[in-house]
Amino acid sequence: MSDPLLRLTGIRKSFGTAEVLRGIDLDVAEGDVVALIGASGSGKSTLLRVINLLERVDDGQVLLRGEDISDPRVKPDAVRARIGVVFQHFNLFPHLSVLDNVTLASRHVLRRDRAESEARALELLGRIGLAEHARSYPDRLSGGQQQRVAIVRAIATDPDLLLLDEITSALDPELVGDVLALVRDLATAGTTIVMATHEMAFARDVADRVVFLDRGVIAEEGTPDEVFRRPREQRTREFLARFSEPLAGDPLPRQ
Amino acid sequence: MTTLPAAPSALELDRRRYRRRQTGRSVAVAAVSTVAFAVVVWLTIVNTPGWARVQSTFFDPAVAARAWPRVFQGLLTNLTVLVFAALGVLLLSILLATLRTLRGPVFFPLRALAAGYTDLFRGMPLIIVLYLVGFGIPGLGFTAERPPAALLGTVALVLVYSAYVSEVFRAGIEAVHPSQRLAARSLGLSHAQTLRLILLPQAVRKVTPALMNDLVAMQKDVGLISVLGAVDAVRAAQIETAASFNFTPYVLAGLLFVLLALPLIRLTDWYTARIRRREQMGAVV
Ligand SMILES: Nc1ncnc2c1ncn2[C@@H]1O[C@H](COP(=O)(O)OP(=O)(O)O)[C@@H](O)[C@H]1O
Ligand SMILES: [Mg+2]
């Protein structure tokens, strides 16, 4: 059996006296889409930042393709270039054009030349219908367009893994659909994704696996069907009860 | 396709007429009162017993004309010093601000050094730094001859103003939202790249009005290099004053400084207003 793309073992992380992650074990296979769900403050963002080495773990290991990237001898910048991240907001750099945002990592981290980087960026922007905005600045775009550019920027370097942290929760409802449609396209195309989300219907629809995080531990995980339809744990049921509406056949993002 | 705006209603036309009348009236009142005030001040000054003497010692056109070539030459020295000092300040202050953003215990000595530097030179009066640099450095005897006074003056200005300006840059860097740093690092950019490509460009935009104000202030202080004997506009005016026993050359030099500063001051105001407008429009920068 080959290594999973990402393996977390016994991850612990505290801020001061607050223990935010209390022993997380998780495997993500190549091409998997994993949805992290859980109440606000349960540690979803911290876990994503740990995977991307933006937070140093207090204990445990993060293995990417079998390599221990939590080892202090590993260069974090090189690892981060292999992992794309999109946050909730303030992703784009306001002083750079859309094109420069997308080509930044390609040019300055991977050291590809400008022409090659721009060709790739324009192709990706074209795919999401934003090629004509390549020379615009981010403040000319809607929130939904900005998040889609942020996603494209994250995948412009062909990372092994894409991390999404509640990328639609700061958007107006009518802008959410396009962003989720892009994520769905990437998932269908085989991108490995770990996403923290409050969009339960979307998670049920797109994720291969759902992980329910509760106060720093994985309380339950399984297929969307298992977790959403037949939750084993009482706390999972209580958490999901707050999202009664999305589980009863709701408007899904357009295909 | 554009649609023509609807013709304004009679009510709106009436309102516009009223507003125009009101505006016209306000402008007239303001103009008349300003002129009246100026006339009163002028008459008061001109009718003071000492006015004739003051006029001939401070505002003598003949003396001004005689002093002009030398004072103007001096002003060119000021300008040269200003340009070099501004460039020096820009480089040194960005370096200092950068040192102060370094994290981790390894960089403690550098951080402390930069902090000590800014504390020292923000506290010390420029005139004292000028004396120390102007007479201390030549005393060390690096070079056989005394370096030109204008050069020493430039060095002193750079030392003092970099301390202020580095604090402006540091405040600008800290005003960039922390998630911009996270976004940059998560793309794999190094600390140095993040600073150079993401944080500094945004910081510079934020602090440009403050920097331009500092430039205006420095432009005036360039006149202080005359204490080292550099023949700038102030020193030239002093020489002319000594020759003619008349203070008009000082007034001339002062006016030239104002003329030099005006474009920069206007530019600062314009740029500040532009930034404010953009921010009100909801732009992120
Ligand atoms: N940098 C930090 N310093 C201190 N506490 C933090 C920090 N980041 C997160 N926390 C705390 O850790 C807990 C989990 O936060 P987070 O991972 O953001 O949860 P979630 O994304 O699930 O809402 C929260 O209680 C939060 O206050
Ligand atoms: Mg979060």
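Criteria and cut-off values
Residues numbered from 1 in each chain as written. Chains lettered and ligands numbered in written order. Predicted model: local features only at pLDDT ≥ 70, side-chain atom pairs only at ≥ 80, totals over all residues. Heavy atoms only, no water. UniProt positions renumbered as here; feature names shortened; annotations may be inferred. Near = heavy atom within 4 Å. Polar contact = N/O pair within 3.5 Å; in protein donor to acceptor, adjacent residues only side chain to side chain. Areas by Shrake-Rupley, 256 points an atom, 1.4 Å probe, with all protein chains shown as cover. Helix = DSSP H or I, 4+ residues; strand = E, 2+ residues; numbered from the N terminus. Patch = residues over 30% accessible without salt bridge, like charges linked within 9 Å, V, L, I, M, F, W, Y side chains within 5 Å. Salt bridge = Lys/Arg side-chain N within 4 Å of Asp/Glu carboxyl O. Buried < 20%, exposed > 50% of the residue type's maximum accessible area, 1.4 Å probe, protein only. Axes fitted to C-alpha atoms, helices over the stretch in contact; angles between N-to-C directions. Parallel < 35°, antiparallel > 145°, perpendicular 65-115°, else oblique. Left-handed = near helix turned anticlockwise from the far one by under 90°. Nonpolar A, V, L, I, M, F, W, Y, C, P; charged D, E, K, R; others polar.

- Going by what an unreviewed UniProt entry lists, chain B is known as ABC transporter permease and is assigned to Naasia aerilata.
- Quoted verbatim from the Subcellular location (unreviewed entry) field of UniProt, the annotation for chain B is "Cell membrane".

- The name an unreviewed UniProt entry gives chain A is ABC transporter, with Naasia aerilata as the organism.
- Here is the UniProt Subcellular location (unreviewed entry) comment for chain A, exactly as written: "Cell membrane".
- Of the comments in the UniProt record for chain A, the one headed Sequence similarities (unreviewed entry) reads "Belongs to the ABC transporter superfamily."

### Examining the site of ligand 1
Residue and element names in this part refer to chain A.
Next, step 1: Taken together, Phe15, Val20, Ala39, Ser40, Gly41, Ser42, Gly43, Lys44, Ser45, Thr46 and Arg49 make up the full set of residues adjacent to ligand 1.
Next, step 2: At 2.6 Å, a backbone N or O of Gly41 approaches an oxygen atom of ligand 1.
Next, step 3: Contact between ligand 1 and Lys44: an oxygen atom at 2.9 Å from a main-chain N or O atom of the residue.
Next, step 4: Burial of ligand 1 by the protein amounts to 58% of the accessible area it has alone, namely 560 Å².
Next, step 5: The element that contributes the greatest number of residues to the shell around ligand 1 is helix α1 (residues 44-51), accounting for four residues.

### With respect to a nonpolar patch on the surface
All names here are of chain B.
Next, step 1: Nonpolar side chains collect at one region of the surface, where Trp68, Phe72, Leu76, Leu79, Val83, Phe84 and Leu87 lie side by side and expose about 630 Å² of accessible area between them.
Next, step 2: Tracing the backbone through its elements, the reader meets Phe72 in helix α3 (residues 61-101).
Next, step 3: Residue classification places Phe72 among the partly exposed positions, given a relative accessible area of 32%.

### Observations concerning the packing of helix α6 (residues 149-175) of chain B against helix α8 (residues 191-221) of chain B
All names here are of chain B.
Next, step 1: In contact at an axis separation of 8 Å, α6 and α8 are set at 140° when each is read in the N-to-C sense. As far as their axial angle goes, α8 and α6 are oblique. Like other packed secondary-structure pairs, α6 and α8 cross with a definite hand, here right-handed.
Next, step 2: Of the residues belonging to the contact of α6 with α8, the class tally is 17 nonpolar, one polar and three charged.

### Points about the pattern of salt bridges
Next, step 1: What the rule picks out here adds up to 32 salt bridges over all chains.
Next, step 2: With a closest N to O distance of 4.0 Å, Arg122(B) and Asp119(B) form a salt bridge. In this pair, Arg122(B) and Asp119(B) both sit in helix α4 (residues 108-123), three residues apart, roughly one turn of the helix.
Next, step 3: Take Arg122(B): its relative accessible area is 36%, and that puts it in the partly exposed class.
Next, step 4: Look at Asp119(B) and you get exposed, because its relative accessible area is 51%.
Next, step 5: What you see here is one network of salt bridges that share partners, running through Glu30(A), Arg65(A), Glu67(A), Arg82(A) and Asp160(A).

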